[in-house]
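# An overview of the molecular structure
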Amino acid sequence: MKTTYIKPASVLLAALAMTSQLAVYATGIIDTFPMYADGGYYQNPVIAVSTPDPTAIRARDGFFYLYATEDIPNTPIYRSADLVDWELVGTAFTRESRPQWNPKGKLWAPDINYVNGKYVLYYAKSTWGGEWDCGIGVATANQPQGPFTDHGALFVSKEIKVRNSIDAEMVQYEGHNYLFWGSFHGIYGVELTADGLRVKEGATPQKVAGDFMEGTYIHHRGDYWYLFGSAGTCCDGERSTYHVIVGRSSSLFGPYLDKEGRSLLDNHYTTVLHRSDEVIGPGHNGEIFTDDEGADWMLYHGFSAKDPHKGRLVWLDRVEWIDGWPHIANNRPSTVSERPKFGNILLADPTVFFEDGTYYLYGTGGMRGHAGDGFEVYRSADMTHWEGPCGRDDGFCLKKSTQNWGTAGFWAPQVFKHDGRYYFIYTANEQIAVATSDSPLGPFVQETPAHIPCDLRQIDPFVCFEGKKAYLYHVRLQDGNRIFVSEMSKDLHSLRENTTRPCVWAEEGWENAAKAPWGVCEGPTVVKMDKTYYLFYSCNDYRHPGYAVGYATSKSPLGPWQKHGEPIIIRDVIGANGTGHGDLFQNAQGEWQYVFHTHFSPSQVSPRKTAVVTLDFDGHDFHLREGSFRYLKLGEVNRQP
């Protein structure tokens, strides 16, 4: 995919001439491009109000969240599904929770990260000219949209002896946290504590770049670290000279060199992006994100030449890599470009229920900023074109409420039909619960909110029927994550504990690639073929690249089980990390398919992507059909949150 860079009005008018829009837009300057709104293109800027110094993260719910200097008071937070269409969802702080240190200072240049289960926001608190009183603060939240709790200043300039300590950038590498910062008096880096809330005891700042830049962003790609920054003046409207620069190094702390091999410590650099006829002062770029087709995209701010008084708006452009260096087309902001390609369904632990020609997809997580609030459902007529979320309760089929068990940890569901009712069995608070509905779209509720009684923590349920008996395959957290089976009561709300048997657990080899003391075996799915039961399971921690799927067989639903030996779905075969925890089902053609999740990318675990493969059965064993692996995607119309 190539970025489409369209500048001259003649080119745009030629395109518009093919539509009936020409009469409306043929006069003067073209401000809007409706022909692109419904197609595969977008128009810059992507946020058309002043939103300086943007930083963004793709959160565990699959959405992008963007934070900025407080032209909107208390640090605005925007959300997007595709980096193009943004909505304001709140602010990081309120008037009451606003950081109180350096009380006259404004909140500048935030940097968002995910550390040990928390969203960690670094920010500068500064006033114009207050170069020795400013500093870097830190706040945390359980969700990307906040609310954030401030933890005060990491340091101020006069304490750490770095003049103008603003513009933080946190980097996580090999289990360590590092903070880089600075503005026109050198760029410095220092190690932080494991929680990222303090400077590590004994750590001292190390200078990595000279006095020409600010707005640090460090990007790791291949064998190199790329140090991006901005040189020039940021905030003088039509007189601004800001431009994006870069150097690279084989080591995080440098030395960083430009294309000519000269050191950034000596104030040399390579320019990536400078002003155009439409954009003045492009700079202070945020993170680089990779879309579903492998293209990289960068957010940054700049003034519109048409109306610089609107402030620093947010622009988006594709970054290509040429001879190991980042490149933006023509080194200038684009006007109209192809959209980033996003649309993968981002559900972990997926399961499919098929009925009357419709496939229903459920899983852990959420695609609409609601992860942790219950379970969404998606549907398709062909396993290729998906729509949703389409649950009856605002996209949910089961929602966290007083009608259902659980307040957190909504994981690994299964849907089945029994005696004319639809059953939804799921994990919450590391226990298993069962709800019912008259539709696979829900809403699933319980008559009495409760979990299946058990003295141990248990997760990952799967119900299999044999005649009039129902068996619950599930994971108990007992000497590792181990799969057990129990016969269920007739009402499916309790277990006959005297029937409980261990099935399989992680052993040596591929099942415990990390040689962890706590083995992980989870995600059971069971089918009966002729007189043999096939138990599919996943081993390794889900965060491990070698998370994989194997199966075992038995002549009885209670075992004993004989493992197949080698995994049937693993990264060495699929080509993606973290392949596992899914569900086996038959499609409309009678083929066996296994739906599962993978890691988001080679370097990022979450949000996990939903995939499917076809399995062939030869009467004795299952085999992965070559070339059948693919990701499940939403249709283009479902791009909006």
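Residues numbered from 1 in each chain as written. Predicted model: local features only at pLDDT ≥ 70, side-chain atom pairs only at ≥ 80, totals over all residues. Heavy atoms only, no water.

### Points about the sheet that holds strand β5 (residues 86-91)
With antiparallel pairing, four strands are arranged side by side in an open sheet as β2-β3-β4-β5. On the outer flanks of this sheet lie β2 (55-58) and β5, each paired with one strand and no other. On average, adjacent strands in this sheet sit at an angle of 25° to one another, irrespective of strand direction. The pairing of strand β3 (residues 64-67) with strand β4 (residues 76-80) spans four bridges and is antiparallel. When the bridges of β4 are listed, L66 appears paired with Y78. (Pairing = 2+ DSSP bridges. Helix = DSSP H or I, 4+ residues; strand = E, 2+ residues; numbered from the N terminus. Axes fitted to C-alpha atoms, helices over the stretch in contact; angles between N-to-C directions.)

### Structural notes on the state of the cysteines
A complete count under the given rule lists one disulfide for this structure. Across the disulfide from C234 sits C235; the S-S distance is 1.9 Å. Judged by the torsion about the S-S bond (-90°), the C234/C235 disulfide is left-handed. We classify C235 as partly exposed; its relative accessible area is 27%. (Disulfide = S-S within 2.5 Å. Buried < 20%, exposed > 50% of the residue type's maximum accessible area, 1.4 Å probe, protein only.)

### Regarding the side chain of K609
Position of K609 among the secondary structure elements: in strand β43 (residues 609-617). A distance of 3.4 Å separates a polar side-chain atom of K609 from the backbone oxygen of F600. The residues contacting K609, other than those within four sequence positions of it, are N344, I345, L346, L347, F596, H597, T598, H599, F600 and Y631. (Polar contact = N/O pair within 3.5 Å; in protein donor to acceptor, adjacent residues only side chain to side chain. Contact = heavy atoms within 4.5 Å.)

### Focus: the side chain of R312
Here R312 is to be found in strand β21 (residues 312-322). Not counting residues up to four positions away in its chain, the partners in contact with R312 are V49, S50, T51, P52, D53, C234, C235, H301, G302 and F303.

### Let's talk about the pattern of salt bridges
Applying the stated criterion to the full structure yields 26 salt bridges. For the salt bridge of D85 with R339, the shortest nitrogen-to-oxygen distance reads 3.2 Å. Placement of D85 in the loop between β4 and β5 and of R339 in the loop between β23 (336-338) and β24 (348-355) is noted, with a sequence separation of 254 residues between them. By relative accessible area, R339 is classed as buried at 6%. Linked through salt bridges whose partners overlap, the residues forming this network are D82, D85 and R339. (Salt bridge = Lys/Arg side-chain N within 4 Å of Asp/Glu carboxyl O.)

### Quick look at the packing of aromatic side chains
Each aromatic ring pair is characterised by the separation of its centres together with the angle its planes make. A complete count under the given rule lists 45 aromatic pairs for this structure. Centroid distance Y217 to F228: 5.8 Å. Interplanar angle 35°. Geometry classified as tilted. In this pair, Y217 is assigned in strand β14 (residues 213-221) and F228 in strand β15 (residues 224-231), connecting sequence segments 11 residues apart. With relative accessibility at 6%, the residue Y217 sits in the buried group. Exposure remark for F228: the relative accessible area of 1% places this residue in the buried category. (Phe/Tyr/Trp six-rings, centres within 6.5 Å; stacked < 30°, edge-to-face > 60°.)

### Considerations on the environment of R482
Within the secondary structure, R482 sits in strand β35 (residues 481-488). Sequence separation between R482 and C503 is 21 residues; the distance between their C-alpha atoms is 7.7 Å. Apart from residues lying up to four places away in sequence, R482 is in contact with H474, V475, R476, V504, W505 and C521.

### A short note on the nonpolar core
If you look at the biggest cluster of nonpolar residues, it comprises 23 residues, and the most contacted ones within it are Y473, C503, V504, Y537 and W561. Mapped onto this core, the elements with two or more residues apiece are β33 (458-466), β34 (469-477), β35, β36 (495-504), β37 (521-529), β38 (532-539) and β39 (548-554). Other than its neighbours up to four places away in sequence, W561 contacts Y473, C503, V504, Y533, Y534, L535, A552, T553, S554 and S556. Listed in part, the 22 residues of the second largest apolar core include A109, C134, W181 and L192. (Core = buried A, V, L, I, M, F, W, Y, C linked by side-chain atoms within 4.5 Å.)

### As for empty space enclosed by the protein
If you walk through the whole model with that rule in mind, you get three cavities of 30 Å³ or more. Approximately 100 Å³ is the volume found for the largest cavity. If you go around the largest cavity, you meet 15 residues; those closest to its centre are P413, P461, P524, H581 and G582. Tallied by class, residues from the lining of the largest cavity come to six nonpolar, six polar and three charged. Volume-wise, the second largest cavity comes out at about 80 Å³. Every residue lining the second largest cavity is counted, 14 residues in all, and those nearest its centre are P54, P110, T216, H284 and N285. Where the lining of the second largest cavity is concerned, the elements lending two or more residues are β6 (106-115) and β14. (1 Å grid on protein atoms, 1.4 Å probe; cavity = no way out; pocket = protein on both sides within 12 Å on 5 of 7 lines; lining within 4 Å. Points joined across faces, edges and corners; volume = space filled by probe spheres on them. Nonpolar A, V, L, I, M, F, W, Y, C, P; charged D, E, K, R; others polar.)

### Brief notes about the environment of T149
If you trace the backbone, T149 turns up in strand β9 (residues 149-156). T149 has contacts with V138, A139 and T140, leaving out every residue within four places of it along the chain.

### Side note on unusual backbone geometry
For the bond running from G388 to P389, omega is 5°, close enough to zero to count as cis. Of note, P389 is situated in the loop between β28 (386-387) and β29 (396-399). For the peptide bond that leads from G559 to P560, omega is 5°, which places it in the cis range. Mapping P560 onto the fold places it in the loop between β39 and β40 (562-563). Even without a glycine there, the phi angle at N267 is positive, about 70°. Following the sequence through the fold, N267 ends up in the loop between β16 (243-249) and β17 (270-273). The backbone of N331 sits at a positive phi, close to 55°, despite the residue not being glycine.

### Notes on the environment of G580
Residue position: G580 is located in strand β41 (residues 580-586). Here G580 is in contact with S538, Y547, V549, F596 and H597, once residues within four sequence places are set aside.

### Quick look at the confidence of the model for the protein
For the protein, the mean per-residue pLDDT works out to 91, and 92% of the residues sit at or above 70. Every residue in residues 1-38 is under pLDDT 50, and counting partners more than four places away or in other chains gives 65 contacts. Under a pLDDT of 50 for its full length, residues 636-641 has, in the predicted model, 13 contacts with residues more than four places off or in other chains. (pLDDT = per-residue confidence, 0-100.)

### Looking at the pairing of β33
By the criterion of burial, β33 is predominantly enclosed, with seven of the nine residues buried. Sheet topology note: the β33/β34 ladder contains seven bridges and is antiparallel. Its bridge partner being in β34, C464 is matched across the sheet by Y471. Between β33 and β34, which pair antiparallel one after the other, the connecting turn spans two residues, and G467 there sits at a positive phi close to 65°.

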